[in-house]
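Chain residues, written in single-letter form:
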Amino acid sequence: MEKLVLPEQDIINALCVYVSRKKQIKPEEVEVELMFDDDTGFSAEVFWNGRKQVLIMSNLIEAIRLWIEEYLNGDPFAGIKLELDDEQGIIAFVG
């Protein structure tokens, strides 16, 4: 797979699918807020059915791997690097 840039919306979609499978709900029932902190790095708050959970970097990578394999038909074990972009928000470089 050639080098790929996943926009913030794809990362959010990946997390919706990831959480929906873990919680056995529909992806549309999940809301995601991506976050970056200088001390803790990348994370996300996910909300469903009045509940909230914080996902750490390893969860984000796991969700992105799922997205790459199932929705982009790519190698889920290609290198993934998250970056905070001033204009595009949080993006992922793959490959």
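Throughout, residues of each chain are indexed from 1 in the direction in which the sequence is written. Given that the model is predicted, a residue must reach a pLDDT of at least 70 before its local features are reported, and side-chain atom pairs must reach 80 or more before they are shown or counted; all residues, however, enter totals for whole chains, interfaces and linings. The basis for every side-chain value is the complete set of heavy atoms in the structure, and neither hydrogens nor water enter the calculation.

A. Region of interest: the sheet that holds strand β1 (residues 4–6). Note on pairing: two strands pair once DSSP finds at least 2 bridges between them. By the criteria applied, helices consist of DSSP H or I runs no shorter than four residues and strands consist of E runs no shorter than two, each listed in order from the N terminus. Judged by pairing direction, the sheet is antiparallel, and its 3 strands sit side by side in the order β1-β6-β5 without closing on themselves. Every other strand in the sheet has two partners, leaving β1 and β5 (80–85) as the edge strands with one partner each. Neighbour-to-neighbour, the strand axes of the sheet open up by a mean angle of 30°, direction not taken into account. Across 3 bridges, β1 lies against strand β6 (residues 89–94) in antiparallel orientation. In the strand pairing of β6, Leu 6 is matched with Ala 92. Lying over the sheet, helix α1 (residues 8–23) contacts β1, β5 and β6, oriented at roughly 85° with respect to β6. Angles here are taken between N-to-C directions and fall from 0 to 180 degrees, while the axes themselves are lines fitted to C-alpha atoms, restricted in helices to the stretch in contact. Whether two residues touch is decided by their heavy atoms; if any such pair falls within 4.5 Å, the residues are in contact.

B. Region of interest: the packing of aromatic side chains. Here is the rule: rings of Phe, Tyr and Trp (six-membered ring for Trp) pair when centre to centre is within 6.5 Å. Planes less than 30 degrees apart are stacked, more than 60 are edge-to-face, and the remainder are tilted. Applying the stated criterion across every chain yields a total of 2 aromatic pairs. Ring centres 4.7 Å apart and planes at 50° place the aromatic pair Phe 36 and Phe 42 in the tilted group. Whether a residue is buried, partly exposed or exposed follows from its accessible area with a 1.4 Å probe, protein chains only, as a fraction of its type maximum: under 20%, in between, or over 50%, in that order. According to the relative accessible area criterion, Phe 42 is buried, its value standing at 10%. Measuring from ring centre to ring centre gives 4.3 Å for Trp 67 and Tyr 71, while their planes differ by 20°; the resulting arrangement is stacked. On the criterion of helical spacing, the pair formed by Trp 67 and Tyr 71 is a turn pair, its members being 4 residues apart in helix α2 (residues 57–71). Of the residues examined, Trp 67 reaches a relative accessible area of 10% and is grouped as buried. By relative accessible area, which is 43% here, Tyr 71 ends up partly exposed.

C. Fine view of α1. Expected helix span is taken as 1.5 Å per residue step, with the number of steps being one fewer than the number of residues. With 16 residues, α1 should cover 22 Å at 1.5 Å per step; its first-to-last C-alpha distance of 22 Å lies within 8% of that length. By the burial criterion, the buried members of α1 are Asp 10, Ile 11, Ile 12, Ala 14, Leu 15, Cys 16, Val 17, Tyr 18, Val 19 and Ser 20. Looking one or two places after α1, you find Gln 24, whose phi comes out positive at around 55°.

D. Here's a closer look at the pairing of β6. When you tally the buried positions in β6, you get 5 out of 6 residues, the bulk of the element. Relative to β6, β5 runs antiparallel, the two sharing 6 bridges. The partner of Asp 85 across the bridge, within β6, is Gly 89. What sits between β5 and β6 in their antiparallel hairpin is a turn of 3 residues.

E. Examining the pattern of salt bridges more closely. Any carboxyl oxygen of Asp or Glu within 4 Å of a side-chain nitrogen of Lys or Arg constitutes a salt bridge here. If you walk through the whole model with that rule in mind, you get 4 salt bridges. Close ionic contact of Glu 70 with Arg 21 constitutes a salt bridge, the shortest N to O distance being 2.7 Å. Of this pair, Glu 70 sits in helix α2 while Arg 21 sits in helix α1; the two residues are 49 residues apart in sequence, bridging distant segments of the chain. Close ionic contact of Glu 45 with Lys 52 constitutes a salt bridge, the shortest N to O distance being 3.2 Å.

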